[in-house]
Each structure stands twice: as structure tokens, then as C-alpha cells.
Amino acid sequence: MSPLAQRILFMDGEAILLDKPSGLPVDPPRDGSLSLENHLASLTFGFQRWPLAVHRLDRDTSGCLLLARNPKAHKRFAAAFEAGEVSKTYVAAVAGTPPAQEGIIDLPLTKISSAERGWRMVGSPKGKPALTRWRLVATVAAPEGERSLIACFPETGRTHQIRVHLAEGLRLGIIGDPVYGTPPLEPGAAMLLHARSLSIPRKGKPPVEGKAPLPDRFHAAGFTETTLTDAGL
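Conventions and cut-offs
- Residues numbered from 1 in each chain as written.
- Predicted model: local features only at pLDDT ≥ 70, side-chain atom pairs only at ≥ 80, totals over all residues.
- Heavy atoms only, no water.
- Phe/Tyr/Trp six-rings, centres within 6.5 Å; stacked < 30°, edge-to-face > 60°.
- Lys NZ or Arg CZ within 6 Å of the ring centre and 35° of its normal.
- Helix = DSSP H or I, 4+ residues; strand = E, 2+ residues; numbered from the N terminus.
- Expected span 1.5 Å × (residues − 1).
- Buried < 20%, exposed > 50% of the residue type's maximum accessible area, 1.4 Å probe, protein only.
- Arc of directions from axis to C-beta.
- Contact = heavy atoms within 4.5 Å.
- Pairing = 2+ DSSP bridges.
- Polar contact = N/O pair within 3.5 Å; in protein donor to acceptor, adjacent residues only side chain to side chain.
- Core = buried A, V, L, I, M, F, W, Y, C linked by side-chain atoms within 4.5 Å.

Undergrad: Is there a simple way to explain the packing of aromatic side chains in this structure?
TA: Two aromatic rings, taken as a pair, are described by how far apart their centres are and by the angle between their planes. Scanning the entire structure with this criterion turns up zero aromatic pairs. Cation over ring: Arg 69 sits above Phe 47, and NZ or CZ is 3.7 Å from the ring centre. One cation-aromatic arrangement involves Lys 111 over Trp 119; the distance from NZ or CZ to the ring centre is 4.5 Å.

Undergrad: What exactly am I supposed to notice about helix H1 (residues 71-82) here?
TA: Given 3.6 residues per helical turn, the α-helix brings residues three or four places apart onto the same face. Taking 1.5 Å as the rise per residue, H1 with 12 residues should run 16 Å; its terminal C-alpha atoms sit 16 Å apart, in good agreement. Listing the buried residues of H1 in full gives Ala 73, Phe 77, Ala 80 and Phe 81. The arc that holds every buried residue of H1, seen down its axis, measures 100°, which confines them to one face. Projecting away from the buried face of H1 at angles above 90 degrees are the exposed residues Lys 72, Lys 75 and Glu 82. Where H1 is buried, its residues contact strand S2 (15-20), strand S4 (62-68), strand S5 (87-95), strand S11 (193-202) and strand S12 (205-211).

Undergrad: So what exactly am I meant to see when it comes to the pairing of strand S9 (residues 131-140) here?
TA: Residues in a regular strand project their side chains so that they alternate between the two faces of the sheet. Where strand S6 (residues 102-106) lies against S9, five bridges are found, and the strand directions are antiparallel. Residue pairing across strands places Glu 102 opposite Arg 135, the latter belonging to S9. Inspection of the sheet shows S9 paired to strand S10 (residues 147-154) by eight bridges, in the antiparallel sense. Each residue of the ladder has a partner; that of Thr 132, found in S10, is Pro 154. Remark: six residues form the turn of the hairpin made by S9 and S10, two consecutive strands paired antiparallel; Gly 145 in that turn has positive phi of roughly 130°.

Undergrad: Got a minute to help me understand helix H2 (residues 161-169) in this structure?
TA: Among the nine residues that make up H2, seven are buried, leaving the element largely enclosed by the rest of the structure. For H2, the complete set of buried residues consists of Gln 161, Ile 162, Arg 163, Val 164, His 165, Leu 166 and Ala 167.

Undergrad: Would you take a moment to explain the environment of Asp 31 for this structure?
TA: Position of Asp 31 relative to the elements: it lies in the loop between S2 and strand S3 (52-53). Polar side-chain contacts of Asp 31 include one of 2.7 Å to the side chain of Ser 33.

Undergrad: Please clarify how the nonpolar core should be interpreted in this entry.
TA: Formed by 52 residues in total, the largest nonpolar core has its most connected members in Leu 36, Leu 66, Leu 67, Phe 77, Ile 150, Leu 166 and Ile 200. For this core, the secondary-structure elements that each account for two or more residues are S2, S4, H1, S5, S9, S10, H2 and S11. The contacts of Ile 200, once residues within four sequence positions are left out, are Leu 66, Phe 77, Ala 80, Phe 81, Val 86, Pro 207 and Val 208. In terms of nonpolar packing, the next biggest core, distinct from the first, is built from 15 residues, Ala 151, Ile 175, Leu 214 and Phe 223 among them.

Pasting the structure below:
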């Protein structure tokens, strides 16, 4: 049995909500390493069709990933994402503290690339609209200065949106983010970004929803599951 079968947060005849581990890409990478696709056959649970991912999480981002168990459900769920009907909460550990307790980052994003640095997303007036609401969850002291845990509620779903919005909008890079953030606390440690919860409405049925526990890698930064529950997350 796939280890992912032990990480299911919600399942019914239409959907599987999975707690994706950090380090597992959703799409097959060019280097040929394992991806979510290698596990789909073990996530059928009696169905003939493999489930399909409805959205994407970065390789190093852990947490709530929605899979549809049939094409009709996939189409409905994808439309809900496109219409902005899905409620999502992410948490990110950053080096430093934000200038306020909460706020809104309204920063359009566009893709740029260069031979030296490869491709990345940047804020640009000519980019696609991107909006993230955020609030400070907790702050802890650290040898190099304070660290903060920030909850992010994206209202759009642009590539690298939260990573760029925190880095450019708040000038607070995510710890361990190799492109926009600050170095990891330990060599090789994954980025401290986690998809905490997801809720998607359905007509005539309860919503598909669940919460993914805060991974152990956040503990080194001073944040635990209790940090989130105490904040109502």
C-alpha cells in the first residue's frame, strides 16, 4: 500500500483530500524522480479510474491537495477553483516580523526568465491579478532575530503566489525557500510552507474539507500544531 493511503484527510465517491508530503511533486519531474502519479494506482480504493489532482502544490509545499475520483467531479471542482469558490489556508514560517497583525497583498504576478537564474515569478503591474489576505499567527525569538508564522488566505491561485507575495509584499521570505526566501534552518530542510486547510462547496452535499496537521519540520522554527489550534486554525 502506498504511504499516501495513510495521509487521507477526507474521502467519498467524488473526492480524496490528501495531506501531500513535502518533497513529492504533483507532476512528473524532468529528472525522472517519483511524483504523485506513481502513487495514484494505490489510491483507487475499489474504483477502476485513478484519481486526478484538481490543483497543484509546489514540490516542497506540504498539505491539502484535492483529487477527483471521476471526470465529472474533476470538471466541477476545477470550475470551483476557477470561480474562486474554494477556501484555502496556508501557513508559512518567515524570518522577521510583519509590519501589522493582518493585511491584504494585492500584487499582480508575471513570469520572467534568464539564462543565469532560470524562471521565477515577480510582481508586475502588467501581470495577472493576485490577491492574498494574511494574518500573523505567532512570533518567537531566535538567535538571528524573530521568526513569525503567518497564515495566508489566497483569493487567487497564481504560480508561487504566496511565496512571492510574502517576499515582495511583506519583505519576509519563507524560511527554506530557495528562490524567494531565506536559507533553511538546517542544511537540506524543506521550505516552511504548508497548505493547512481546504474547503470546496458542493450542491446538495456537504463540502469537501479537511485540515492537514502541521509537519514536524516546523518544530525547528518554534511552531507546532498547538500554535495553530490556539489561533483557531
